[in-house]
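One letter stands for each residue in the lines below.
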Amino acid sequence: MTQTATAQTHSFQTEVKQLLQLMIHSLYSNKEVFLRELISNGSDACDRLRFAALTDAGLMEDGETLGLKVSVDKNEKTVTISDNGIGMTSDEVVENIGTIARSGTRQFMEALSGDAANDANLIGQFGVGFYSAFLVAHRVELTTRHASAGAEGGVRWISDGEGEYTIESITREERGTTITLYLRDEDKEFAEDFRLRGIISRYSDHISLPIEMPSEDKEKKGDWEPVNNGSALWSRPKNEVSEEDYHRFYQSLSYDTETPLATLHNRVEGNLEYTSLFFIPKKAPFDLWDREQRHGINLYVRRIFIMDDAKYLMPSYLRFVRGVVDAADLPLNVSREFLQNNKDIDRIRSASVKKILSELSRLAEKEPDTYAAFWKEFGKVLKEGVVEDHDNRTVLADLMRFNSTRSDDTDQTESLAAYFKRMPMKQKAIYYITADSHNAASTSPHLEIFRKNDVEVLLLSDPVDEWLVSSLNEYKDKPLKSVAKGALDLEDLTSPEDKKANEEKEKDLAGLTEKMQSLLGERVKSVRVSQRLTDSPACLVADETDLGGNLERILQAMGQDAPDAKPIMEINPDHPLIRQLNPEHAQLEDWSRVLFDQAALSEGAPLPEPAAYVQRVNDLLTKAALTAH
Ligand code: ADP
Ligand code: MG
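Residues take numbers from 1 onward in each chain, read along the sequence in its written order. Chain A is the first chain written and ligand 1 is the first ligand written, with later ones labelled in order. Whole-chain, interface and lining totals are the exception, using all residues; otherwise, since this is a predicted model, local features are given only for residues with pLDDT of at least 70 and side-chain atom pairs are given and counted only at 80 or more. Values reported for side chains reflect all heavy atoms of the structure, with hydrogen atoms and water molecules removed beforehand.

**Q** Please provide a residue-by-residue account of the site of ligand 1, values included.
**A** Near is defined per residue: the residue qualifies when any heavy atom it owns lies within 4 Å of the molecule or strand. Taken together, 14 residues lie around ligand 1, and Asn41, Asp83, Gly127, Gly129 and Phe130 are the ones closest in. Residues adjacent in sequence count toward polar contacts only when both atoms are side-chain atoms; beyond that, a polar contact is any pair of N or O atoms within 3.5 Å, and within protein one must be able to donate a hydrogen and the other to accept it. The contact in question runs from a nitrogen atom of ligand 1 to an N or O atom on the side chain of aspartate 83, over 2.9 Å. Using a 1.4 Å probe, the Shrake-Rupley method yields the accessible areas, and only the shown protein chains count as cover for residues. Surface burial for ligand 1 is 88%, taken as the share of its 530 Å² of free accessible area covered by protein chains. At the level of secondary structure, the elements contributing two or more residues to the shell around ligand 1 comprise helix H2 (33-53) and helix H3 (90-98). Secondary structure elements are taken from DSSP: a helix is a run of H or I of four residues or more, a strand is a run of E of two residues or more, and numbering for both begins at the N terminus.

What follows is the structure in structure tokens.
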């Protein structure tokens, strides 16, 4: 290698510096992961070359055999890892190695826990693996040449990890990347051949490219020999794969320190042949809610890697599933666009979804505790399925778990099936309430009549619940009905006598409701006598076809236009406060406003004029205090 231009010195982004420091401090007891990360990068680079060469065969002109080589120099105390993958241009080196463009960095630093085993996995999850080289090296030298560049297009990058790096153009005959680590004194154990072999078989055995090291056999001095097993795990028959093999493979995919909750390995034969290996994790990844998260399913065609994060293979509500699909009959040069409209992919996807859902159903039935733990982590995501996946809605509905008035437990444990089973014959609907918190739902005045009559109501407080109930209109022919919307048809709850008495009260209070309605004016659609309340004086109800206050607030918080539908105010005819009001009451306007504001507060809505509310309450309290004397 000769130098063709003077080296330029650059500073790392501040974040990179911090990252290096933090990483060294938190991972000192798990340094060996550096090798896993660098091998994984080399293997990715080979995969990317193979894929790019499908449309540009010239990229392979240096040779089609792809692989990695690892060697040590005991005297110099160096470890060298090279690959003949796609390599990098000078711009790419600056962009990929000198900067951390991804949003993950800050989160990574925040997520570092001080537990080395856990933190070592974070490196991979957050895409900062390259920097793990500095766990053991005081100086890292990387040379690379992109497969599309000529020999003059080589680049050398050197850094001591202290804040600066130099970069210069060089001549490099072969495409690919070579990384030499100059080990710190205290890390010279890694300059031992056998030590590296151990790490490779532990972390990188499943890598399907050959990872070679110089032969230890004196006779074969100068030869390279593969040190990894190298067969794609999913292509082996199930009975030849041990539990431990599965777990190691899962960990290499997910960087999860835990074992998976479930492993599903399937070979499908017939006119569409493919193998799938899916894992359901125990814990949600840190970026489950990040739109740009990049996991998902890796797609292979006949064991050749095509792409990771193949979104078309798994719907978004199953985005926590990890694994591999290896399809026998797809063309090798598939593009993302191709996948989007491909019938075979659709069939693989739909069969995969069914497999996963039926495993979840099995867990729900046979291992309720395991399912409960799963639900805690992923329930909110799975709820999206009811909204998105029309074909599997029935199965998904049975997988849902909710809170209900039946118990004070804040964990979501009640299924629709169990609710249905408990319903008395005459009950016509499955009742629910939505609110922005469990507490707001369970203390809502709307529940009073239901609690009094011992009718179970589902308490829904995840934002996605609003969409869920608007997609799931019924369960086993029983409609799902909000207790806070429309008029209550309480025939299934109240006796004919009560019903009659209610009609009487409506007549008696007609003058009052009319007057209150005119005093509240634009704030309400109407004021009417309630059948829902036993303890509270008033509550707000949405019209049957309106969105309801909770959904309106969610939409507004999301920055969307929500129609600002006016609520209906219902008053409790038996409440002492209401009973002392009449259309001629001198302070009826103040009372109406206070009752209205309180009803809004009790459903968690913010008051537009809190000061005016407080003032009115104080006025009324003062009057009451004075008359009490
Ligand atoms: P990640 O692999 O998760 O993207 P890394 O920090 O390990 O994060 O690597 C950063 C980037 O540097 C890679 O995405 C890749 O673009 C580039 N890179 C690293 N090693 C190599 C290599 N051996 N060959 C080509 N590109 C590489
Ligand atoms: Mg990497």
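Read on, since the account is not over.
**Q** Tell me what's going on with the pattern of salt bridges, and back it up with residues and numbers.
**A** We define a salt bridge as a contact between a side-chain nitrogen of Lys or Arg and a carboxyl oxygen of Asp or Glu at a distance within 4 Å. In total, this model carries 39 salt bridges according to the counting rule given. Two residues, lysine 283 and glutamate 377, come together in a salt bridge whose shortest N-O distance is 4.0 Å. Note that lysine 283 is positioned in the loop between strand E11 (274-280) and strand E12 (297-301) and glutamate 377 in helix H10 (residues 368-388), a separation of 94 residues in sequence. The class for lysine 283 is partly exposed, based on a relative accessible area of 45%. We note a salt bridge from aspartate 462 to lysine 383, for which the minimum N-O separation is 2.8 Å. Taken together, the residues aspartate 462 in the loop between strand E17 (457-460) and helix H15 (463-471) and lysine 383 in helix H10 connect sequence positions 79 residues apart. Per-residue accessibility, obtained with a 1.4 Å probe over protein chains only, is compared with the maximum for each type, and a residue is labelled buried under 20%, exposed over 50%, and partly exposed between these values.

**Q** Now, about the side chain of glutamate 414: what can you tell me, with residues and values included?
**A** Looking at the element boundaries, glutamate 414 is found in the loop between strand E15 (403-404) and helix H12 (416-422). A polar atom in the side chain of glutamate 414 sits 3.0 Å from the side chain of arginine 406. In terms of polar contacts, glutamate 414 uses its side chain to reach the side chain of arginine 422, at 2.9 Å. Once you skip the residues sitting within four places of it in the chain, glutamate 414 turns out to touch Met400, Arg401, Phe402, Ser404, Arg406 and Arg422. Here a residue-residue contact requires only that any non-hydrogen atoms of the pair lie within 4.5 Å.

**Q** Describe the domain arrangement of the protein chain, naming the residues involved and giving the relevant values.
**A** With domains assigned, the protein chain is organised as domain 1 (2-226), domain 2 (233-364) and domain 3 (400-629). Inter-centroid distance (C-alpha atoms) of domain 1 to domain 2 is 27 Å. Contacts between domain 1 and domain 2 engage 19 residues on the former and 15 residues on the latter. Computed with a 1.4 Å rolling probe, the buried area is the accessible surface lost when two parts are put together, summed over both parts. Area buried by domain 1 at its contact with domain 2 is led by Phe51, Gln125 and His206, which between them contribute 30% of it. Viewed at the interface, domain 2 and domain 1 are joined by 0 salt bridges. Linking domain 1 with domain 2 are 0 residue pairs in polar contact (both at pLDDT 80 or more). Of all the elements in the fold, those that place two or more residues in the side of domain 1 that touches domain 2 are H2, helix H5 (116-125) and helix H6 (193-203). The dominant element in the side of domain 1 that touches domain 2, judged by the number of residues it contributes, is H2, at 6 residues. Domain ranges listed in this record stem from an automatic or a database domain assignment.

**Q** Break down the packing of H10 against H15 for me, with residues and values.
**A** Note on method: axes are straight lines fitted to C-alpha atoms, helices fitted across the in-contact stretch only, with angles between N-to-C directions ranging 0 to 180 degrees. Here H10 crosses H15 at 30 degrees, and the two axes come no closer than 8 Å. Accordingly, the angle class assigned to the pair H10 and H15 is roughly parallel. When the axes of H10 and H15 are compared, the crossing they make is left-handed. Packed against H10, whose contacting residues are Lys380, Lys383, Glu384, Val386 and Val387, the element H15 presents Val464, Asp465, Trp467, Leu468 and Ser471 at the interface. When residues are grouped by polarity, Ala, Val, Leu, Ile, Met, Phe, Trp, Tyr, Cys and Pro land in nonpolar, Asp, Glu, Lys and Arg in charged, and all others, Gly among them, in polar. Grouping the constituent residues of the contact of H10 with H15 by class yields 5 nonpolar, 1 polar and 4 charged. In this scheme, roughly parallel covers angles under 35 degrees and roughly antiparallel covers those over 145, while 65 to 115 is roughly perpendicular and the rest are oblique. Two helices crossing with the near one rotated counterclockwise from the far one by less than a right angle form a left-handed crossing, whereas a clockwise rotation gives a right-handed crossing.

**Q** Summarise the nonpolar core; cite the residues concerned and give the values.
**A** By size, the foremost hydrophobic cluster in this structure holds 71 residues, and its most contacted members are Leu299, Phe320, Leu360 and Leu382. No other element matches helix H9 (residues 343-366), which puts 8 residues into this core. Ignoring anything within four residues of it in the chain, the contact list for phenylalanine 320 reads Phe279, Ile280, Pro281, Leu288, Phe374, Phe378, Val381 and Leu382. Remark: nonpolar core denotes a set of buried residues (Ala, Val, Leu, Ile, Met, Phe, Trp, Tyr, Cys) joined through side-chain atoms within 4.5 Å. Within the second largest apolar cluster, 62 residues are counted, among which are Ile39, Phe130, Ala191 and Ile207.

**Q** Explain a negative patch on the surface to me, and be specific about the residues and the numbers.
**A** Only residues whose relative accessible area exceeds 30% and that form no salt bridge are eligible for patches; like-charged ones are grouped when within 9 Å, while nonpolar side chains (Val, Leu, Ile, Met, Phe, Trp, Tyr) are grouped when within 5 Å. Charged residues are defined narrowly, with Lys and Arg counted positive, Asp and Glu counted negative, and His plus the chain ends left uncounted. By convention, the charge on Lys lies at NZ, on Arg at CZ, on Asp at CG and on Glu at CD. A cluster of acidic residues, Glu503, Glu504, Glu506 and Asp508, forms a negative patch at the surface. By the element assignment, glutamate 506 lies in helix H16 (residues 496-508).

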